[in-house]
Amino acid sequence: MQTEMSLWSYANPTRFMATTRPLLPWLSALAAACLVVGLVWGFFFTPDDYRQGSTVKIIYLHVPSALMAINAWFMMLVASLIWLIRRHHVSALAAKAAAPVGVTMTLVALVTGAVWGSPMWGTWWAWDPRLTSFLILFLFYLGYMALWAAIEDPDTAADLTSVLCLVGSVFAVLSRYAVNFWNQGLHQGASLSLDKEENVADVFYIPLLVCIAGFVLLFVALVLARTRTEIRARRLHALQLRERMA
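These numbers come from a predicted model, not from an experiment.

**Some words on the overall build of the chain**
Counting secondary structure elements, the chain contains seven helices and zero strands. Reading the chain from its N terminus to its C terminus gives the helix and strand order α-α-α-α-α-α-α. The buried share among the 246 residues of the chain stands at 41%. For the chain, contacts bridging at least 24 residues in sequence account for 76% of all contacts bridging at least 6. As presented, the chain carries roughly 13,500 Å² of accessible surface, and 68% of it is formed by carbon and sulfur atoms.

**Side note on the packing of helix 3 (residues 59-86) against helix 7 (residues 202-245)**
A pair of packed helices is captured by two measures, namely the crossing angle of their axes and the spacing between those axes. The geometry of helix 3 relative to helix 7 is characterised by a closest axis approach of 9 Å and an angle of 40° between their N-to-C directions. In terms of axis orientation, helix 3 runs oblique to helix 7. Once helix 3 is placed against helix 7, the crossing between them reads as right-handed. Packed against helix 3, whose contacting residues are Ile59, Tyr60, Leu61, Val63, Pro64, Ser65, Leu67, Met68, Ala72 and Met75, the element helix 7 presents Phe204, Pro207, Leu208, Cys211, Ile212, Phe215, Val216, Phe219 and Val223 at the interface. Its residues assigned to classes, the contact of helix 3 with helix 7 comprises 18 nonpolar, one polar and no charged.

**As for the pattern of salt bridges**
Tallying each qualifying case throughout the model produces five salt bridges. One salt bridge in this structure joins lysine 57 and aspartate 48, with 3.8 Å as the shortest N-O distance. Using a relative accessible area of 9% as the deciding quantity, one classes lysine 57 as buried. Judged by relative accessible area, aspartate 48 falls into the partly exposed class, the value being 47%. Each of Lys96, Arg226 and Glu230 takes part in one network of salt bridges that share partners.

**Points about the nonpolar core**
Core analysis: the biggest nonpolar cluster contains 34 residues, and Trp73, Met76, Phe134, Tyr141, Tyr144 and Phe219 have the highest contact counts within it. Counting only elements with at least two residues in this core, the list comes to helix 3, helix 4 (89-121), helix 5 (129-150), helix 6 (154-181) and helix 7. A per-element tally of this core places helix 3 first, with ten residues. Residues contacting tryptophan 73, with those up to four places away along its chain left out, are Leu137, Phe140, Tyr141, Tyr144, Leu164, Cys165, Gly168, Ser169 and Ala172. Counting 13 residues, the second largest nonpolar core, distinct from the first, contains Leu27, Val90, Leu93 and Ala221.

**Focus: the packing of aromatic side chains**
Inspection of the entire model under this criterion finds four aromatic pairs. Here tryptophan 73 and phenylalanine 140 contribute two aromatic rings whose centre-to-centre distance is 6.2 Å and whose plane-to-plane angle is 80°, an arrangement assigned as edge-to-face. Here phenylalanine 140 lies in helix 5 and tryptophan 73 lies in helix 3, a separation of 67 residues in the sequence. What makes tryptophan 73 buried here is its relative accessible area of 0%. Note on tryptophan 73 and tyrosine 144: the rings are 6.1 Å apart at their centroids and 70° apart in plane angle, and the pair reads as edge-to-face. One end of the pair, tryptophan 73, is in helix 3; the other, tyrosine 144, is in helix 5, with 71 residues separating them in the sequence. Just as tryptophan 73 is buried, tyrosine 144 falls in that class too. Its guanidinium or amino end placed over the ring of tryptophan 83, arginine 87 lies 4.1 Å from that ring's centre, counting from NZ or CZ.

**Observations regarding helix 5**
Between its terminal C-alpha atoms helix 5 stretches 31 Å, which fits the 32 Å expected from 22 residues at 1.5 Å a residue. Among all positions in helix 5, only Arg130, Leu131, Ser133, Phe134, Leu137, Phe138, Phe140, Tyr141, Tyr144 and Trp148 are buried.

Here is what the cut-offs are and how they apply
Residues numbered from 1 in each chain as written. Predicted model: local features only at pLDDT ≥ 70, side-chain atom pairs only at ≥ 80, totals over all residues. Heavy atoms only, no water. Helix = DSSP H or I, 4+ residues; strand = E, 2+ residues; numbered from the N terminus. Buried < 20%, exposed > 50% of the residue type's maximum accessible area, 1.4 Å probe, protein only. Contact = heavy atoms within 4.5 Å. Areas by Shrake-Rupley, 256 points an atom, 1.4 Å probe, with all protein chains shown as cover. Axes fitted to C-alpha atoms, helices over the stretch in contact; angles between N-to-C directions. Parallel < 35°, antiparallel > 145°, perpendicular 65-115°, else oblique. Left-handed = near helix turned anticlockwise from the far one by under 90°. Nonpolar A, V, L, I, M, F, W, Y, C, P; charged D, E, K, R; others polar. Salt bridge = Lys/Arg side-chain N within 4 Å of Asp/Glu carboxyl O. Core = buried A, V, L, I, M, F, W, Y, C linked by side-chain atoms within 4.5 Å. Phe/Tyr/Trp six-rings, centres within 6.5 Å; stacked < 30°, edge-to-face > 60°. Lys NZ or Arg CZ within 6 Å of the ring centre and 35° of its normal. Expected span 1.5 Å × (residues − 1).

Laid out in structure tokens, this is it:
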């Protein structure tokens, strides 16, 4: 019970700001280090694939960005559920802060996927189950952000965007498991798998893990920084309302 109370204490904006302030420089530095090491290692110190040639190296951008695009939405889902159940403003602001980061990751995944797919499939785009669900997820990100911007009352906006997040989670799941649900489609199976026959070759595996770690740390750092900005903006909005009432 005491552990649960200490966990929920971070939903207090003051406590959140005090805790995240010293963490941000470390997270940012670790993210930069992992990204530099992983990308340089992957692009310049790994061989070309015997089937895909040098095109395979886009895996170091495509796989981490696709992974974070899906998991960013799931993070928003958890934060939205906390808002709907516990009414903690920090959770709603964290979900709002994660959306621009998530939509950027989704866009990077779509673009790099097209660049990767063009020489492999002979086309920039196909209405493949995973590609289509990923495009719909991208549109849900845009709709989520537009809904926040369109509603002036922050609590009402948090309520409606939380519901939208619940609905969009269906397409987040489809984006992750579409290859398992439907056998047809051009998109290959998972690059990271417990099955050695499906898993990426060992020479590409470790730098890919470093890149994924870099993208995860970058996502966390950006969300924390943007959440801190949203908290400040909310405080400023509250002060402006007080001044108008006075």
